[in-house]
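Below are the chains, spelled out letter by letter.
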Amino acid sequence: MAGDDFSPKSQDALQVTLWRNARLATLKAGDGLGLVEDGAVLVRDGRIAYAGPLAGLPAPLAEGTTPMDCKGRWLLPSFIDCHTHLVYGGNRAMEFEMRLAGSTYEEIARAGGGIVSSVKATNALTVDQLVAAALPRLDTLIAEGASTVEIKSGYALSIEGELNMLRAARRLGEIRPVRILTTWLAAHATPPEYKGRNGDYISEIVIPGLRAAHAEGLVDAVDGFCEGIAFSPAEIARVFEEAKALGLPVKLHAEQLSDLKGARLAAAYGALSADHLEYLADEDAAALAEAGTVAVLLPGAFYTLREKQHPPVKALRAAGASIALATDSNPGTSPLTSLLMTMNMGATLFGLTVEECLAGVTREAAKALGLQDETGTLEAGKAADFTLWDIERPAELVYRIGFNPLVQRVWNGRTTFSSAGVLA
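Conventions we followed
Residues numbered from 1 in each chain as written. Predicted model: local features only at pLDDT ≥ 70, side-chain atom pairs only at ≥ 80, totals over all residues. Heavy atoms only, no water. Phe/Tyr/Trp six-rings, centres within 6.5 Å; stacked < 30°, edge-to-face > 60°. Helix = DSSP H or I, 4+ residues; strand = E, 2+ residues; numbered from the N terminus. Buried < 20%, exposed > 50% of the residue type's maximum accessible area, 1.4 Å probe, protein only. Domains from an automatic or database assignment. Contact = heavy atoms within 4.5 Å. Buried area = accessible area lost by both parts, 1.4 Å probe. Salt bridge = Lys/Arg side-chain N within 4 Å of Asp/Glu carboxyl O. Polar contact = N/O pair within 3.5 Å; in protein donor to acceptor, adjacent residues only side chain to side chain. Core = buried A, V, L, I, M, F, W, Y, C linked by side-chain atoms within 4.5 Å. Pairing = 2+ DSSP bridges. Axes fitted to C-alpha atoms, helices over the stretch in contact; angles between N-to-C directions. Expected span 1.5 Å × (residues − 1). 1 Å grid on protein atoms, 1.4 Å probe; cavity = no way out; pocket = protein on both sides within 12 Å on 5 of 7 lines; lining within 4 Å. Points joined across faces, edges and corners; volume = space filled by probe spheres on them. Nonpolar A, V, L, I, M, F, W, Y, C, P; charged D, E, K, R; others polar.

Draft legend 1. Structural context of the packing of aromatic side chains. The final tally for this structure, using the stated rule, is 7 aromatic pairs. When the centroid spacing of 5.2 Å and the interplanar angle of 80 degrees are considered together, the rings of W19 and F386 count as edge-to-face. In this pair, W19 is assigned in strand β1 (residues 16–25) and F386 in strand β14 (residues 386–389), connecting sequence segments 367 residues apart. By relative accessible area, which is 3% here, W19 ends up buried. Look at F386 and you get buried, because its relative accessible area is 1%. Considering the side-chain rings of F302 and F350, the 5.1 Å spacing of their centres and the 80 degrees angle between planes classify their relative orientation as edge-to-face. A residue pair is termed long-range when its members are at least 10 positions apart, and F302 in helix α11 (residues 299–304) and F350 in helix α13 (residues 339–350) qualify at 48 residues. Given a relative accessible area of 5%, F302 falls into the buried group. Of the aromatic side chains, those joined through ring pairs into one cluster are Y194, Y201 and F231.

Draft legend 2. Region of the structure containing the domain arrangement of the protein chain. Each assigned domain of the protein chain is listed here: domain 1 (16–77 + 377–418) and domain 2 (79–368). Taking only C-alpha atoms, the centre of domain 1 and the centre of domain 2 are 30 Å apart. Each partner contributes to the interface: domain 1 provides 28 residues, whereas domain 2 provides 22 residues. Here domain 1 meets domain 2 over a buried area of about 2000 Å², counting both sides, of which 66% is carbon and sulfur. Per-residue buried area on domain 1 facing domain 2 is highest for V398, R409 and W411; these three make up 30% of the total on that side. If you look at where domain 1 meets domain 2, you find 1 salt bridge. As a salt-bridge pair, R179 and D385 come within 3.0 Å of each other at their nearest N and O atoms. For the pair domain 1 and domain 2, the interface holds 8 residue pairs in polar contact (both at pLDDT 80 or more). When residues of the side of domain 1 that touches domain 2 are traced back to their parent elements, those giving at least two are β5 (74–77), β14, α16 (396–399), β15 (406–411) and β16 (414–417).

Draft legend 3. Local environment of the nonpolar core. Residues W184 and M343 are the most contacted members of the largest nonpolar core, which totals 94 residues. Both domains that furnish three or more residues to this core are identified here as domain 1 (16–77 + 377–418) and domain 2 (79–368).

Draft legend 4. A look at the sheet that holds strand β8 (residues 179–187). With parallel pairing, the 8 strands of this open sheet are ordered in space as β6-β7-β8-β9-β10-β11-β12-β13. In this open sheet, the two edge strands, each paired with only one partner strand, are β6 (79–81) and β13 (323–325). Across the sheet, the axes of successive neighbouring strands diverge by a mean angle of 25 degrees, strand direction being ignored. Packing against the sheet, helix α6 (residues 159–175) makes contact with β7 (146–152) and β8, and its axis sits at approximately 170 degrees to β8. Helix-sheet contacts for α13 involve β6, β7, β12 (294–297) and β13, and the interaxial angle to β6 is about 80 degrees.

Draft legend 5. The arrangement of helix α8 (residues 233–246) in detail. When the terminal C-alpha atoms of α8 are compared, their 20 Å separation across 14 residues agrees well with the 20 Å that a helix rising 1.5 Å per residue should span. Among the residues of α8, those classed as buried are I236, A237, V239, F240, E242 and A243. Buried residues belonging to α8 abut β8, α7 (198–215), β9 (221–226), β10 (251–254) and α9 (262–268). Two residues or fewer past α8, G247 is found with a positive phi of approximately 75 degrees.

Draft legend 6. Structural detail: the layout of surface pockets. Volume-wise, the second largest pocket comes out at about 300 Å³. In this structure, the second largest pocket is lined by F96, R99, L100, G300, Y303, T304, L305, R306, S334, P335, L336 and M345. Listed by contribution, the elements that provide at least two residues to the lining of the second largest pocket are α2 (93–100) and α11. Tallied by class, residues from the lining of the second largest pocket come to 7 nonpolar, 3 polar and 2 charged.

Draft legend 7. Molecular detail of α6. Taking 1.5 Å of rise per residue, 17 residues should cover 24 Å, and α6 covers 25 Å from first to last C-alpha, within 8% of that figure. Every buried residue of α6 is accounted for by G161, E162, L163, N164, M165, L166, A168, A169 and L172. Those residues of α6 hidden inside the fold are in contact with α4 (115–123), α5 (127–143), β7, β8 and α7.

Following this line, the structure appears as structure tokens:
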């Protein structure tokens, strides 16, 4: 943009910045999109000091405050991807081709496909190589305005391999201007050597590995895959008990392929989120709402797997449950790295409103990570994580397909996306 100075170097030294001539969508709870036509955001030392109408701006401003002219563009909270498997080795393009040609899951598995192929490829990489493989995926999310990304383990299925995945995730947060949260997901699948021995795998790999990850400071939350092809509620409960003993929050892949009442288990443990939920019973939506457990919907997996069973959005709304959206970025069932596309899918496939989609990748996604007091809305006291968009109305961010109108991304008060799309 001619005349705009968005270079990171120019912003590093700023302590107080006033973003004016902006149209705001604050996404504050209970305020719809929180639209403000003639708005301003005041940033002091990386935190939001004020967000609202320009006329309500506290005066006088500190001497040396730097004005930034938004030129009437829309300013929103930065996006949050609250469910990804971003760190892994290899890809599953071969099995994608095989599925298109009519191969069955069994035929794909015999050809070396499925999660086993991802486990083999992941375990073959060093931490540095895992970082290098994940960077393009992370950079794509950042280039669409993501400030915060959750990354799970789960494609190594050995203690050292799972630790390396989380080490790589932590490294990503050190070399890119993004907030990374890590999740221990060793209870994702059972490796071949433990076939038919889920209990032994939990006792010998999942729980000892979790303790090691916690001791190394690598884990922010604990997840599991509660499904007939993975782990039972009773088996997941063992993992959750260990997480509770370590003081770690939990979340759960639940009701994706069948109704095992995993969501009720998650709610009973006060889980941050229950994710997928296509087979969630209507009456179980109330349990999530009562526990404050966010329902994270993952339309990318629904789309890729050509599923027919929709998550019970009406029941979730009626119960007052929080609804978030995420990419579920992974090599097999959701090779998706776009929250813009995720919102369009959420609206088109699941019938979510524009407000639900935008809140789902900002305010509610923050809640799904336990970060609701830190980010996700434009409110005083929160981190100055926001995005500037060249659009006429916020609905464009949900409506358009394959179009990224991001002008600027600010993370912790610092511009990290220039007009040329360079990351800093």
